[in-house]
Amino acid sequence: MLKTTHTRKSPLRLGFVALTDSAPLVMAEELGLFHAHGLEVELHREIGWASIRDKVIYGELEAAQAPAGLLASATFGLGSMQAECLTGLVLSLHGNAITLAQSLWRDGVRDGATLRREIARGRRKFTFGVVHPFSSHNILLRTWLSSHEIEPCSDVRIVVVPPTQMHRNLKAGHLDGYCVGEPWNSVAVAAKTGWCVATSADLAPGHMEKVLMVRRDFSESFEGEHLALIAALLEACRFCEAPENREQVIETLARSRYVGASANTLRMSMAGSFDYGNGRIEEQLAMHVFAGGKANEPSANQAHWLIEGLRANGIIADPLPRARDCFRADIFKQAAELLPDALLTS
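The rules behind the values
- Residues numbered from 1 in each chain as written.
- Predicted model: local features only at pLDDT ≥ 70, side-chain atom pairs only at ≥ 80, totals over all residues.
- Heavy atoms only, no water.
- Pairing = 2+ DSSP bridges.
- Helix = DSSP H or I, 4+ residues; strand = E, 2+ residues; numbered from the N terminus.
- Contact = heavy atoms within 4.5 Å.
- Axes fitted to C-alpha atoms, helices over the stretch in contact; angles between N-to-C directions.
- Expected span 1.5 Å × (residues − 1).
- Buried < 20%, exposed > 50% of the residue type's maximum accessible area, 1.4 Å probe, protein only.
- Core = buried A, V, L, I, M, F, W, Y, C linked by side-chain atoms within 4.5 Å.
- Parallel < 35°, antiparallel > 145°, perpendicular 65-115°, else oblique.
- Left-handed = near helix turned anticlockwise from the far one by under 90°.
- Nonpolar A, V, L, I, M, F, W, Y, C, P; charged D, E, K, R; others polar.

**Regarding the sheet that holds strand β4 (residues 85-86)**
Within a beta sheet, neighbouring strands are joined by backbone hydrogen bonds and run either parallel or antiparallel to one another.
At step 1: One open sheet holds the 5 strands; their spatial order is β2-β1-β3-β11-β4, and the pairing between them is mixed. Where the open sheet ends on each side, the last strands, each with one partner, are β2 (41-46) and β4.
At step 2: Where β4 lies against strand β11 (residues 210-215), 2 bridges are found, and the strand directions are antiparallel. By the bridge assignment for β11, Cys85 is matched with Arg215.
At step 3: Docked against the sheet, helix α1 (residues 23-30) engages β1 (12-17), β2 and β3 (63-67), running at close to 145 degrees with respect to β2.
At step 4: Along the sheet, helix α3 (residues 49-57) makes contact with β1, β2, β3, β4 and β11, crossing β3 at roughly 140 degrees.

Encoded structure:
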């Protein structure tokens with residue numbers, strides 16, 4: 001395996017949040033892939049995406065797993081200090097779901113149409129959680145609500161809650177539902193406090209989810225290290241995608257220092273099917289996509305889906321045309337060349 005030379009003397013600090021789709025970062029560490037690519041890496045588990053964004057912006061993390069929308073929000077200073085950020089790697093597609101409280105099921109809610117009827121009764125204002133204002137979760141939830149003639153800006157309240165705190169807020173009655181990444185939907189299903197009405201693979205097949213977020217100045221000042229990091233993570237993505245490796249990935253993620261959910265709960269979305277709750281289990285091979293085809297390339301089409309989704313749902317006021325410059329297929333292709341031919345064609 002080709003190694004690159006680096007000038008940094010301290011470990012590269014890499015942030016992640018306790019989610020199933022942190023798997024490429026976790027497995028790159030556990031399989032020794034960072035070391036194999038000449039890197040010394042420290043994994044840092046963060047509580048949520050605001051922490052990830054701020055620590056990348058202020059240089060407390062060199063790189064991090066992040067929802068793709070964080071690149072645009074940081075680069076344009078939307079809700080934070082402005083700092084140019086980019087990605088040369090898509091870490092995963094899909095992986096999210098919309099979960100509703102079990103109390104709504106008891107009230108007769110089965111889908112968007114029956115939720116609309118329940119809201120129209122006017123007993124109270126329903127509250128739904130998303131993980132970040134500029135995330136795919138906000139796009140997915142708002143699009144789903146709108147498709148059922150529920151106005152996201154007036155008929156319901158949408159609040160930001162860190163992923164790991166979603167279920168406890170649903171259980172406590174503070175939320176009526178949420179859109180979050182796994183395993184925090186399956187945690188609610190397993191506890192019988194919630195059920196899933198739709199997955200992101202159902203709602204937006206092929207959508208970009210998590211990316212590797214770095215500051216532009218880091219990418220330019222430490223190009224060799226950045227390319228090696230992408231190569232190591234791309235190799236880990238290929239490992240995580242292979243069905244024969246999923247059980248190893250599940251058991252590793254279950255450890256307390258990573259996701260800390262039970263292996264059985266993680267398995268509910270990682271073993272080729274998805275448990276929506278209340279007896280509905282369906283085959284869903286694409287619930288989590290870590291590699292395959294052009295899944296890992298930060299393409300113009302993926303950027304368009306994200307930016308147009310944010311604009312169409314009123315999350316941003318204009319199309320932010322330069323936001324597409326945050327998604328660097330050229331950097332991805334450079335990094336992919338560091339991998340053996342067998343991995344490039346797998």
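**So, helix α7 (residues 136-147)**
At step 1: Across its 12 residues, α7 extends 16 Å between first and last C-alpha, which sits within 8% of the 16 Å expected from 1.5 Å per residue.
At step 2: Burial analysis of α7 places 9 of its 12 residues in the buried class, which makes it a mostly covered element.
At step 3: Within the sequence span of α7, burial applies to Ser136, His137, Asn138, Ile139, Leu140, Leu141, Arg142, Trp144 and Leu145.
At step 4: Once α7 finishes, Glu149 follows within two positions and takes phi at roughly 60 degrees, a positive value.

**A look at the nonpolar core**
At step 1: Membership of the largest hydrophobic core comes to 95 residues, with the highest contact counts inside it found for Leu14, Phe34, Leu229 and Leu233.
At step 2: Tallying contributions element by element places helix α12 (residues 223-241) first for this core, with 12 residues.
At step 3: Sequence-distant contacts of Phe34, that is, excluding residues within four places in its chain, are made with Leu14, Leu25, Ala28, Glu29, Leu39, Val41, Leu43, Leu229, Ala232 and Leu233.
At step 4: Among the nonpolar cores identified, the runner-up in size contains 20 residues, and Ile98, Leu115, Phe128 and Leu141 belong to it.

**So, the sheet that holds strand β9 (residues 177-181)**
At step 1: Taking strand neighbours across the sheet as the criterion, the 5 strands line up as β8-β7-β9-β6-β10 in an open arrangement whose pairing is mixed. Bordering the open sheet on either side are β8 (156-160) and β10 (194-199), each of which pairs with just one other strand. Each adjacent strand pair in this sheet contributes to an overall mean axis angle of 25 degrees, direction not counted.
At step 2: Packed onto the sheet, α7 meets β6 (96-101), β7 (126-130), β8, β9 and β10 and runs at close to 55 degrees relative to β6.

**Here we look at the packing of helix α13 (residues 246-253) against helix α14 (residues 263-270)**
At step 1: In the contact formed by α13 and α14, the axes pass within 9 Å of each other and the chain directions differ by 140 degrees. With respect to α14, the axis of α13 lies oblique. The two elements α13 and α14 cross, and the hand of that crossing is right-handed. On the side of α13, the interface is formed by Arg246, Glu247, Val249, Ile250, Glu251 and Leu253, while α14 contributes Ala263, Leu266, Arg267 and Met270.

**Some details on the packing of α12 against helix α16 (residues 329-336)**
A pair of packed helices is captured by two measures, namely the crossing angle of their axes and the spacing between those axes.
At step 1: Axis separation between α12 and α16 bottoms out at 8 Å; the angle between their running directions is 75 degrees. Of the possible angle classes, the one that applies to α12 and α16 is roughly perpendicular. Residues Glu223, His226, Leu227, Ile230, Ala231 and Leu234 of α12 form the contact with α16, whose participating residues are Ile331, Phe332, Gln334, Ala335 and Ala336.
At step 2: By residue class, the composition of the contact of α12 with α16 is 8 nonpolar, 2 polar and 1 charged.

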